[in-house]
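# An overview of the molecular structure
Next come the chains, spelled out residue by residue.
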Amino acid sequence: MIEAFNTSSPHIKEKIQTKHIMLLVMIALLPNTVFGIWHFGLRSLLLIVLSIGTSVGTEYLYEKALKKEITISDGSAALTGLLLALNLPVGVKWWIPVIGGFVAIFVVKQLFGGLGQNILNPALAAKCMLLLFFTGQMTNYSSTSFSTTPLSQLKDGNPVEMWAMLVGKTPGTIGVTSTIFVLLGASILLAFGIIEWKIPGFCLLSFVIFISIFGSHSFDMSYITAHLCAGGLMLGVWFMATDYATSPITKRGKILYGILLGIIVGIFRIFIPTYEDITYAIIIGNVFVPLIEKVTIPKPFGYKKVENN
Amino acid sequence: MRLGNFKGGVHLDDGKYISKDEKLEFIKPVGEFAFILPQHNGNSAKAIVNVGDKVKKGQLIACADENLCAPIYSSIDGIVEKIEERVTPCLKEQEAIVVSPSDEQGSTMLLSTKNSIDDWNKDEILNRIKEAGITDMDERDHLVYSDLIACENKDIKLIIVNGAECEPYITCDYRRMLENSKEIVEGLKILLKCFPNAKGIIGIGDDKEDCINKLQDIVKDELNIHILSLNLKYPQGFERQLVQSVTHKKINRKQTPMDVGCIILNIESIYAIYNAVIKGEPVINRTITLSGDAIANPKNYIVPIGMNYKDIVDFAGGFKSEPAKIISGGPMMGTAIEDLNITTTKSSSAILAFTSELIKENKRTVCTKCGRCVNVCPINLIPSKFVQIFEKNKQNDFELYNGVECIECGCCNYVCPSNIPIKQMIASLKDDIENNSKHVDNEKEKGEK
């Protein structure tokens, strides 16, 4: 019995599916998640579980209520929940990740059209909302044994401990402190072809050039490295700026977007007194993505302007 | 040797190891034979035999006067039973001369030959190519003669032989190149006589190292024939990608290779040219790959044209397990067929049978804008945009994103992790645009009257 007769070519397919991609991203996030839990304590695990649970639950209830197909098994809601939790300080109340997860999935993702259709990164947009409404909790890192984050120390002009920043034994949100583990995760993503180097590469490059020109220490290597490791820059650049739905799909668009992000983070770092530079930069960048895509439409192979007969 | 390459394309799961190691085997004619009359993309040939006539192998049985028509020769000794419709490998029903083979097959009726190739001049060679009914021997079905005539006023610098064979599982060109290497080079030399300013290049996929070495050895004393190794990605064998790999020039959809001074011919066509000129044999056989994990004896066969697919598979030993899908042609561009009641034509290249292990259909989900399709598109388009255009019916954006340039290779379908039928969506949008523009033209005509 020939079952698969009435399909058209191509008849073969690559084996990787969307859910494998989401799973690989979560595996790549595992090193710094585990480190975050070890460094900040079990409360961070509670926040992660609450965030993922709310995100997945919100998506399930939304789709069930609107009688749509249930898509929680593709892993995208869980990934959003994990990324949101990794961007929260460990001292927030338990209902912060719950509200955040709900807003991320219901408002930022589903109301805008679901997977692939949202304009803003759900985890970061939810974080922006939390920063606005619960500023005190979201900027309070004092429940750990230190009181100021390396980023705030850098901005105040105080010295920082480089090695601690690389490994991650500093204050910060749950998932951003350890540069080494974030880079380990990023190399997993690059090795499997899940992300391309263009956006992170050009973002970091333009950021380094920007702070070298406009920063207080010119091309000082330790200053530059400290800035690269501080705040959520590495996690944001490798895991959230490269989010498929909210970054440009065109090749030249990716380069333009990376440069734009690098400059915006640079402006925030040097001139604006906030510690959430990459969060705001990515959200601002997201808004420009449709425009960036429109101006970087690639020229087709062998295309010449066709003269009118 | 430099590696001919082009941007985009995918490295596919190969599958060639299944059928590549056995020598070509000739199939004894058995069963009902049907000679499809339109075996090329021009006017149909007309039968010149009647029901009840006896025909011999190599006898002319259908022809026409115009240049755009390929004569058809019988590939067997037999009797004409009827003139009826039969199914082609593209699942169309076309008129055919149905012949039943005699029990004993005699020798082939040959066209006239000469002592050596030097006795042939250009017009005689082109005439023989037309007389023998040589076509592209692939789905495009162009007549080689009409392609060559169209090059009369163009400055042809390169004759490219397409030995890429980028579709997985198909290995018939590979076996031809390995077993008939001298004939292929001779065929190319015959063609080069018609274009004295041209050089010949045989482009071979880089997975076929033994062919590259063998052919390089044969042409090492030839001044104007070279071998080029091609990066074996799909769709390397497509016209525009082949021209880019060999000449670095990019042609758009309105141009043909001869606009940049190239002629492209397939391995089977070059071999047919050799046969027609040197041996006087018209096109009556071709190689076909039988492969896939459901075929009992996967290998390449020399099949007399007109044989029914069912008889070919039976001769080859049938299926060793129940096939879930049978494909006529390659897995990327071929047609899925329901039963084997199909007639071999000059463009048949493969019969592939797969069990459900290799052919698994996954569920279609939404586009995540992952961008994998953008990386593989050989025409530099953004296939994911067309998914949105199709689903939201935004016809104007189709032109903005240059959808009409799509060559429908299917690379985007292959890599899409959400299993979206992107190629089919673009083809449907193209059809809509064409129908709309026809409608607009008709309205304009009415308005002008």
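Residues numbered from 1 in each chain as written. Chains lettered and ligands numbered in written order. Predicted model: local features only at pLDDT ≥ 70, side-chain atom pairs only at ≥ 80, totals over all residues. Heavy atoms only, no water.

## Let's talk about the interface of chain B and chain A
With 63 residues of chain B at the interface, the matching set in chain A holds 41 residues. Of the roughly 4700 Å² buried between chain B and chain A on both sides combined, carbon and sulfur atoms contribute 53%. The largest per-residue losses of area from chain B upon contact with chain A belong to K369, R372 and Y414 of chain B, which jointly make up 13% of the total buried on that side. We note a salt bridge from E293 of chain A to K369 of chain B, for which the minimum N-O separation is 3.3 Å. For the interface between chain B and chain A, the tally reads 23 residue pairs in polar contact (both at pLDDT 80 or more). Looking at the side of chain B that touches chain A element by element, the count peaks at 4 residues for helix α10 (residues 383-392) of chain B. Class assignment of the residues belonging to the side of chain B that touches chain A gives a composition of 27 nonpolar, 21 polar and 15 charged. (Contact = heavy atoms within 4.5 Å. Buried area = accessible area lost by both parts, 1.4 Å probe. Salt bridge = Lys/Arg side-chain N within 4 Å of Asp/Glu carboxyl O. Polar contact = N/O pair within 3.5 Å; in protein donor to acceptor, adjacent residues only side chain to side chain. Helix = DSSP H or I, 4+ residues; strand = E, 2+ residues; numbered from the N terminus. Nonpolar A, V, L, I, M, F, W, Y, C, P; charged D, E, K, R; others polar.)

## Quick look at the confidence of the model for chain B
Of all residues in chain B, 99% attain a pLDDT of 70 or more, and the chain-wide mean is 89. Scored by ipTM, the complex comes to 0.89, with pTM at 0.90. (pLDDT = per-residue confidence, 0-100.)

## Brief notes about the pattern of salt bridges
For the coordinates displayed, the defined rule picks out 31 salt bridges over all chains. Where K127 of chain A meets E276 of chain A, a salt bridge forms, and the shortest distance between an N and an O atom there is 2.9 Å. Taken together, the residues K127 of chain A in helix α5 (residues 122-133) and E276 of chain A in the loop between α13 (251-271) and α14 (277-295) connect sequence positions 149 residues apart. Judged on exposure class, the residue K127 of chain A and its partner E276 of chain A are both buried. E293 of chain A is paired through a salt bridge with K385 of chain B; the nearest N and O atoms lie 2.9 Å apart. Residue E293 of chain A is located in helix α14, and its partner K385 of chain B is located in helix α10; the two belong to separate chains. Pair check on accessibility: E293 of chain A and K385 of chain B agree, each one buried. When salt bridges with common partners are traced through the structure, they connect D136, D138, R140 and E239 of chain B into a single cluster. (Buried < 20%, exposed > 50% of the residue type's maximum accessible area, 1.4 Å probe, protein only.)

## Regarding unusual backbone geometry
Cis rather than trans, the peptide bond between S9 of chain A and P10 of chain A has omega equal to 0°. You can see P10 of chain A is positioned in the segment before α1 (18-40). Cis geometry is adopted by the peptide bond preceding P235 of chain B, which originates at Y234 of chain B and carries an omega value of 0°. Position of P235 of chain B relative to the elements: it lies in the loop between β12 (225-230) and α6 (239-247). Backbone geometry at H248 of chain B places phi at a positive 65°, although glycine is not the residue there. Its identity is not glycine, yet N419 of chain B carries a phi of approximately 55°, on the positive side. Inspection of the secondary structure puts N419 of chain B in the loop between α12 (411-415) and α13 (422-448). Residue N419 of chain B is classed as buried on the basis of its relative accessible area of 11%.

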